[in-house]
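Summary of the model geometry
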Number of protein chains: 4
Amino acid sequence: MLNFECDYLEGAHPRILEKLMETNMEKTSGYGQDPYTESAAQKILAACECPAGEVRFLVGGTQANATVINSILHTSEGVIAADTGHISTHEAGAIEAGGHKVLTIPQVDGKLTAAGITAYMQAFLADASHTHMPQPGMVYVSHPTEYGTLYSKAELEAIHDVCHEYDLPLFLDGARLGYGLAAVDTDVTLPVIAKNCDVFYIGGTKVGAMFGEAVVVTKANRIKHFFTTIKQNGALLAKGRMLGIQFDVLFTNDLYMDISAHAIRLAEKLKANLREKGYQFFFESPTNQQFVILENSAMQALSEKAKFSVWEPFDDTHTVVRFATSWATEEQDLDDLLALL
Amino acid sequence: MLNFECDYLEGAHPRILEKLMETNMEKTSGYGQDPYTESAAQKILAACECPAGEVRFLVGGTQANATVINSILHTSEGVIAADTGHISTHEAGAIEAGGHKVLTIPQVDGKLTAAGITAYMQAFLADASHTHMPQPGMVYVSHPTEYGTLYSKAELEAIHDVCHEYDLPLFLDGARLGYGLAAVDTDVTLPVIAKNCDVFYIGGTKVGAMFGEAVVVTKANRIKHFFTTIKQNGALLAKGRMLGIQFDVLFTNDLYMDISAHAIRLAEKLKANLREKGYQFFFESPTNQQFVILENSAMQALSEKAKFSVWEPFDDTHTVVRFATSWATEEQDLDDLLALL
Amino acid sequence: MLNFECDYLEGAHPRILEKLMETNMEKTSGYGQDPYTESAAQKILAACECPAGEVRFLVGGTQANATVINSILHTSEGVIAADTGHISTHEAGAIEAGGHKVLTIPQVDGKLTAAGITAYMQAFLADASHTHMPQPGMVYVSHPTEYGTLYSKAELEAIHDVCHEYDLPLFLDGARLGYGLAAVDTDVTLPVIAKNCDVFYIGGTKVGAMFGEAVVVTKANRIKHFFTTIKQNGALLAKGRMLGIQFDVLFTNDLYMDISAHAIRLAEKLKANLREKGYQFFFESPTNQQFVILENSAMQALSEKAKFSVWEPFDDTHTVVRFATSWATEEQDLDDLLALL
Amino acid sequence: MLNFECDYLEGAHPRILEKLMETNMEKTSGYGQDPYTESAAQKILAACECPAGEVRFLVGGTQANATVINSILHTSEGVIAADTGHISTHEAGAIEAGGHKVLTIPQVDGKLTAAGITAYMQAFLADASHTHMPQPGMVYVSHPTEYGTLYSKAELEAIHDVCHEYDLPLFLDGARLGYGLAAVDTDVTLPVIAKNCDVFYIGGTKVGAMFGEAVVVTKANRIKHFFTTIKQNGALLAKGRMLGIQFDVLFTNDLYMDISAHAIRLAEKLKANLREKGYQFFFESPTNQQFVILENSAMQALSEKAKFSVWEPFDDTHTVVRFATSWATEEQDLDDLLALL
């Protein structure tokens, strides 16, 4: 059975496993106080051209989102996000469990816009009862978004400017960041992100790691007692070097970018092939998630030979489905899938 | 440099790494919906003689404690624990961050006692203003305790009875459970624990796994929406099979017990040797943590050749230090340590 | 200056002040353990034909909402509400601060509908990832709504039935309940509410009291440790009899209904008069809040002689404004207002 | 039956009731946006010689404590308090419900000491695992304490200095502040408190008001979004002027000090009389709460004619009881009590 259901089906990139094997019986201190973690952090700051920053390695995305947002917001504040943002939908109320409301703005292609945030803030401040509402305290974007779309550099800068104007820290969820950075026409690089965001994370779980997200705070100590907050959120891995080693490998010899580029190449192949065959796409996605509209009986037939995600109904006879490629997708599998479509 | 600082210095047991390697490129569903996780859960329930139970795999101890306690307590309730309990001291306020007070009782050899809980509850209920206080809603014990000590079967049953009398669910933190189960004279087994506790967890991080704790709810569905609460606490691993595989290996061919027994054998050797040499122990510990009183200059000298944990001052000229053995300790290292002492 | 801005402009009904004066130097126990509180609770249960219920007196509405919702929900759960519900908008994130998401459904005339809740629950349960979302744990309605509209008995019963089907406790926010009960054609009475809701409150702050909301739990002890949760939420008044006395007076000789009926009579007069003059209403409201569409320059002129609430723009040249009558509105003031319009 | 059980047995000072009566039908805006609240705030800032401060009126003590502490602490932080502090004991876990641990230090005469805080902070920072613990984020003291004792000006200044050294905001709970200010030999005045604390409150509930606590932030805007946090904590009174009027009356013509002095005069009379009769006091209290050791059968006999608080057993045949005087205590009642003793 072919499987394009998501981008976290397999274990870890072989080079990571090798390194874990190789270092397995070394004895190091816990909680990220080890040389692998230090090395990984330095490589990431270098890749981000952000020497004044600080890197912390957390285990997963929901955990990273909740920990960062809890660390930054005042009790009276909420976080602005697209209504399709991961924190708005599929994190089981983790942000609210930390005491904060997610303040949603309708998405445009899965994204927030500078104009949308400005309009939101102007309406908020113009509302005579705005002191009776949760105060907007930061902005959350995902890049790539939940729909596989990307911000351009100009869009990100415009959002940064609005955030600065309203004194809102900007936080970027990069659970699939590699696939965004490796997209064909993007002008958004790690340094661009580091320059425009207060905090962001570089996703490992979906991009070659067994687990792990590298949280970059672009100005060290910007977040008060960040280590303690990580511990408090149950997000501090005892054997911290397991995270350090993984990211050290990913940020050695461009591995992170290379494996991301592989996923993108296959996604572009799928896109070109299906477009040629006349398939319609629900979103114009430049990344590893492709949202295709299938006729329902064709979808049914396909589902006997391949796994994919059923996204939402398109109309009475069609459905939007998602195919995801990843660092681990084999080209032969893709060819087999395309032969079926 | 010798290192007896703690029991989570190394990676994972080689058999675990092998299995991770072997299964690495398989494609499975996420979030614990995979055959390895199912297999591990079944093996654990069998080992616990608890077929009606439910097992969930979480990443770490603080996370497991916070998630379970949050899942069980009503907003008005707190959790009873020894004042030396891990949740009382070194979890960065994770329980309070979830909204609940840790209600501490002075420890006796690191333990709660049935009499102590009874006295606490009687005093609480006798206090005319007890409705103005957080209501005791569950009891937390660690086994082994933070001091390496163990409950006997009779002690655990007595606590179970008191808990039952006052309608307090009993939760056992088994971060080092293997070392407790493998102790020389213990009569506490997994089935004994399963019979007396509502929830407990079997520690992996400190007993052979790279990370992971297996939470056993002894009556399935005892905890409302437990999966969602795990997700909400940022404790749901996307590639859940990484946890399943580790515990599946640990609960195959008695590996968990074998590697625990190894640590205990070395701890007993250390104990016998040092006792013979006239050293004094701060606690009578039957497990892998040994608390020894060292003369300060001797301690200083030792610290140049071996790492250990400095626990607390004993008197003006002596200090309590902790040596920890583990599944990974090599006997030669122990012999070298003993030669230095 | 005339003032129709809201229904909490004045102090308390004179009979309440008299009673406070009369009893002022009596000595009673605190925290609601006094005969006035007991008497008020009994009168309310009698009025609700709900002898098995339990009544607690809290100070304000946001406090009552947060306390009740915190008391009922599991940590994994959120509360279903109309997107215009008070808890969704103007309570400064109090529900989220308690750890729970407000799960909004689009309002219909300010109301939830049984069909809307059913559709929401069906879509939720049909969503393959619904265990990754906050679980719906109760339903919140306001009656009258934030738009002055009312549920009919049939609508309330239908919502009750849906709630029962999905095991969702039903909570009714009656901050303006008197004005709903006294509306001209309503068939919703206190016993109807008590029969269909698990918890509701009878608003005092906006209906004759200086402050205070009477929370009715329709089955006593339905809420675990409710007294303690009230205290924990900072909602327990030390001199509790101040609340008891106010509600005792309000529920003696039908005062609550009489003063509510006064407000309704004046609202109906306003409605009839303005309709005759050709004014358009934004909502068909049977209660004390009337939403009228004014031409902007007329609104400007009026604002120099009368206060009212500016609700929202209607179109480029018109605005929706709210006039509120209350137990304290003098008929002459209304006549003066009508003369201005 | 005589009643010396506590200091919140009666309603409000008659002058307050008169003013409430007199202003009852005035129409003012809600939420503290009224001239009475403004006037009260100005009078309080003047009395505190703290023109740059900000005053907010809340309803009760637990509410004020939770709101202020939640407003100031970062999520990773806890609040230092005496183990007998009100927030440590009788607030139903309100601080923990807000996510923060109460970090207790053993009391000395019900008080914290500068030396105690210093020792706590030094030990905390010296602990190698202190980043795994809740971070001390502020200091809470009560004045008078729960035992009726008082800080001297020098003690308060010393605590202020320690707080400043460790960057810990100092918060003073003045639920019974009047009785502290009016004590015979105190050198602590409102300006002394304002100079040494970041936030404090002036208790109304126990000192002449029907309810209400005046929170003084000694530098305006020191607390981010304080109004919104008050609302979020359910602590914003809709008819805010009820609080403003009460404090405006209390701070007109020295009423607050006069009625406090009355309670102190009677407490001193009780103390002198009982001392003369050979009674022993459990604490040397200079305020309105007197803790007396009674022989058990004498206590029993007294309890048939007078109410008082049973504090704790002293020994097998004696008990500590508390007699509280207040603004409302009549001298004849005290004389009758003394006749019985």
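Residues numbered from 1 in each chain as written. Chains lettered and ligands numbered in written order. Predicted model: local features only at pLDDT ≥ 70, side-chain atom pairs only at ≥ 80, totals over all residues. Heavy atoms only, no water.

Moving on, we come to the overall build of chain A. Per the secondary structure count, chain A includes 14 helices and 13 strands. Over its C-alpha atoms chain A spans a radius of gyration of 20 Å, differing by no more than 12% from the 20 Å that the globule rule assigns to 341 residues. Each principal axis of the C-alpha distribution contributes one length, and for chain A these read about 60 × 55 × 35 Å. Here chain A holds 341 residues, and 64% of them are scored as buried. Counted over contacts in chain A with a minimum sequence separation of 6, partners at least 24 positions apart contribute 73%. (Helix = DSSP H or I, 4+ residues; strand = E, 2+ residues; numbered from the N terminus. Rg over C-alpha atoms; globule rule 2.2 N^0.38 Å. Buried < 20%, exposed > 50% of the residue type's maximum accessible area, 1.4 Å probe, protein only. Contact = heavy atoms within 4.5 Å.)

With an axial shift of 0.0 Å and an RMSD of 0.0 Å, the rotation relating chain B to chain A amounts to 180 degrees. The symmetry that links the two subunits is that of a two-fold axis. (Least-squares fit on C-alpha atoms with pLDDT ≥ 70 in both.)

Looking now at the interface of chain B and chain A. At the junction of the two partners, chain B supplies 44 residues and chain A supplies 44 residues. Between chain B and chain A, the buried area comes to about 3,900 Å², and carbon and sulfur atoms account for 61% of it. Of all residues in chain B, Y8(B), K27(B) and K239(B) bury the most surface against chain A, accounting for 18% of the area lost on that side. Put simply, chain B and chain A have 2 salt bridges between them. Of all the secondary-structure elements, those providing two or more residues to the side of chain B that touches chain A are α1 (14-23), α3 (61-72), α5 (94-97), α10 (226-232) and α11 (241-250) of chain B. Counting residues per element, the side of chain B that touches chain A draws most heavily on α1(B), which supplies 4 residues. (Buried area = accessible area lost by both parts, 1.4 Å probe. Salt bridge = Lys/Arg side-chain N within 4 Å of Asp/Glu carboxyl O.)

Structurally, L150(A) is set in the loop between β5 (135-142) and α7 (153-165). Excluding its chain neighbours within four sequence positions, the residues that come into contact with L150(A) are K111(A), H143(A), P144(A), E155(A), G180(A), A183(A), T186(A), P286(A) and T287(A).

Another point: the sheet that holds strand β5 (residues 135-142) of chain C. The strands making up a sheet associate through backbone hydrogen bonding, with each pair oriented either parallel or antiparallel. Residue and element names in this part refer to chain C. Pairing is mixed across the open sheet formed by 7 strands, whose spatial order is β2-β8-β7-β6-β5-β3-β4. Looking at strand neighbours, the two that pair on one side only are β2 (54-58) and β4 (102-105), the edges of this open sheet. Within this sheet the neighbouring strands show an average axis-to-axis angle of 25 degrees, counted without direction. As paired strands, strand β3 (residues 77-82) and β5 are joined by 4 bridges and run parallel to one another. Opposite I80, over in β5, you have V139 as the bridge partner. (Pairing = 2+ DSSP bridges. Axes fitted to C-alpha atoms, helices over the stretch in contact; angles between N-to-C directions.)

How two aromatic rings sit relative to each other is set out by the distance from centre to centre and by the angle between their planes. Residue and element names in this part refer to chain A. One pass over the full model with this rule turns up 50 aromatic pairs over all chains. By way of ring pairs, the aromatic residues Y147, F282, F283, F291, W311 and F314 are connected into one cluster. The side chain of K111 reaches across the aromatic face of Y151, ending 5.5 Å from its centre. (Phe/Tyr/Trp six-rings, centres within 6.5 Å; stacked < 30°, edge-to-face > 60°. Lys NZ or Arg CZ within 6 Å of the ring centre and 35° of its normal.)

Note on helix geometry: an α-helix contains 3.6 residues per turn, so any two residues three or four positions apart are oriented the same way. Of all the residues in helix α1 (residues 14-22) of chain D, the buried ones are I16(D), L17(D) and L20(D). Here the buried residues of α1(D) occupy an arc of 100 degrees about the axis, which is enough to place them on one side. Buried positions along α1(D) lie against α1 (14-22) of chain C together with α11 (241-250) of chain D. (Arc of directions from axis to C-beta.)

Moving on to the packing of helix α2 (residues 35-47) of chain A against helix α11 (residues 241-250) of chain A. Residue and element names in this part refer to chain A. Running from amino to carboxyl end, α2 crosses α11 at an angle of 40 degrees, the nearest separation of the two axes being 7 Å. Here α2 is positioned oblique relative to α11, judged by the angle of their axes. For the crossing formed where α2 meets α11, the hand is left-handed. On α11, the residues that touch Y36, T37, S39, A40, K43 and I44 of α2 are R241, G244, I245, F247 and D248. (Parallel < 35°, antiparallel > 145°, perpendicular 65-115°, else oblique. Left-handed = near helix turned anticlockwise from the far one by under 90°.)

Looking at where T228(D) falls in the secondary structure, it is placed in helix α10 (residues 226-232). Side-chain polar atoms of T228(D) contact the backbone oxygen of T131(A), separated by 2.9 Å. Excluding its chain neighbours within four sequence positions, the residues that come into contact with T228(D) are S76(A), T131(A), M133(A), Q135(A) and A92(C). (Polar contact = N/O pair within 3.5 Å; in protein donor to acceptor, adjacent residues only side chain to side chain.)

Right, let's get into the domain arrangement of chain A. Residue and element names in this part refer to chain A. According to the domain assignment, chain A contains domain 1 (2-7 + 258-340) and domain 2 (14-250). Computed over C-alpha atoms, the centres of domain 1 and domain 2 are 27 Å apart. With 20 residues of domain 1 in contact, the opposing surface of domain 2 contributes 20 residues. Buried surface at the junction of domain 1 and domain 2, summed over both partners, amounts to about 1,500 Å²; 63% is from carbon and sulfur atoms. The largest contributions to the domain 1 side of the interface with domain 2 come from D7, F283 and W327, which together make up 31% of the buried area. (Domains from an automatic or database assignment.)

Here we take up the side chain of T37(D). Residue and element names in this part refer to chain D. Take T37: it is sitting in helix α2 (residues 35-47). Residue classification places T37 among the buried residues on the basis of a relative accessible area of 9%. Not counting chain neighbours up to four residues away, the residues in contact with T37 comprise G32, F57, G240, R241 and G244.

Right, let's talk about the sheet that holds strand β13 (residues 318-324) of chain A for a bit. Residues and elements named next belong to chain A. One open sheet accounts for 4 strands, arranged β9-β10-β13-β12; its pairing is antiparallel. The open sheet terminates on both sides in strands that have one partner only, identified here as β9 (280-281) and β12 (309-315). Sheet analysis places β9 next to strand β10 (residues 289-295), joined by 2 bridges and oriented antiparallel. When the bridges of β10 are listed, F281 appears paired with V292.

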